[in-house]
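Take a look at the letters that make up each chain.
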Amino acid sequence: MFRLLLLIKRVWLWIILLGMAFHANAKDINYVVIADQARPFQIENNGHDHSGIITEIVQNIFSGDDWQIKIHTFPYKRMVSMLESGRIKRWITYGSPEWKSVRVQSEHLSEYPLVTVKHNLLSYQQPGFKFTKIEDLYGKTVIVLLGFLYPGLDPYVESKKVKVMWVKGYEQAFRVLKRLKDDAFILEMAFRLKYNLKKNKEPLDQFQFHNFSLIIPDYQVYFAYSSDMDPETVSFMNQRLKAMHDSNAIDAIVAHYD
């Protein structure tokens, strides 16, 4: 009996040591998530319960025992600061060449895109309003999320022809829009607007979507990664990303959050 117990202990020790050795050989990927504001691209609950379009793509690509995903969640500005400081190594998040003012999200990008984003204006109880030219917004207030980029809008803000109100989140944005009604619009990615209207249980029939591609043309979002990411990992990521596109796996993920 003693020998049997000793044998069992040795087997368990061997399994633990083997697991530790295998774990040590796994490559770490530090996946960086924006807290609260990035839904449905990145969904989290106080740094836990991670899901969302970008998160599911990351989990799909780096699944398996060869990889260990470590998730870091920060408010947007702190995220940019942390990545710029170099305090996090071998990181991945999402970005776009359109976001030129944020180097860490526009410099090192995947070969293939993740999704194409479209921007919409959202109006409240204005069924007769039609957006056909930027002059339609002169003297109006455009509500946008604090810290995010809206390429194409800046010249009109700088000339003070369009007023901008920065808010911290969607609940606040919807409250302001309802209060100002005819004098305000929310500007945001269509993905985010639709998802957050549903999440906040807003009456969809009282809101109107207006295509904003006249000012912010549709553009693509990619993986953004750190300069210290090894070429082998970058190549693997690109190959898996292409395979997900070829199999329509990314379309299926996006549809889940539409």
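Cut-offs applied
Residues numbered from 1 in each chain as written. Predicted model: local features only at pLDDT ≥ 70, side-chain atom pairs only at ≥ 80, totals over all residues. Heavy atoms only, no water. Pairing = 2+ DSSP bridges. Helix = DSSP H or I, 4+ residues; strand = E, 2+ residues; numbered from the N terminus. Axes fitted to C-alpha atoms, helices over the stretch in contact; angles between N-to-C directions. Salt bridge = Lys/Arg side-chain N within 4 Å of Asp/Glu carboxyl O. Buried < 20%, exposed > 50% of the residue type's maximum accessible area, 1.4 Å probe, protein only.

A. Region of the structure containing the sheet that holds strand β10 (residues 184–189). An order of β9-β8-β10-β7-β11 is seen for the five strands of this open sheet, with the pairing classed as mixed. In this open sheet, the two strands that pair with only one neighbour each are β9 (163–167) and β11 (207–211). Neighbour-to-neighbour, the strand axes of the sheet open up by a mean angle of 30 degrees, direction not taken into account. Pairing of strand β8 (residues 141–145) with β9 involves five bridges; the strand directions are parallel. Each residue of the ladder has a partner; that of Ile-143, found in β9, is Met-165.

B. Molecular detail of the pattern of salt bridges. Counted by the stated rule, this structure contains eleven salt bridges. Between Arg-39 and Asp-36 there is a salt bridge, with the nearest N and O atoms lying 2.7 Å from each other. Since its relative accessible area comes to 40%, Asp-36 is described here as partly exposed. Arg-192 serves as the salt-bridge partner of Glu-188, at 3.1 Å between the closest nitrogen and oxygen.

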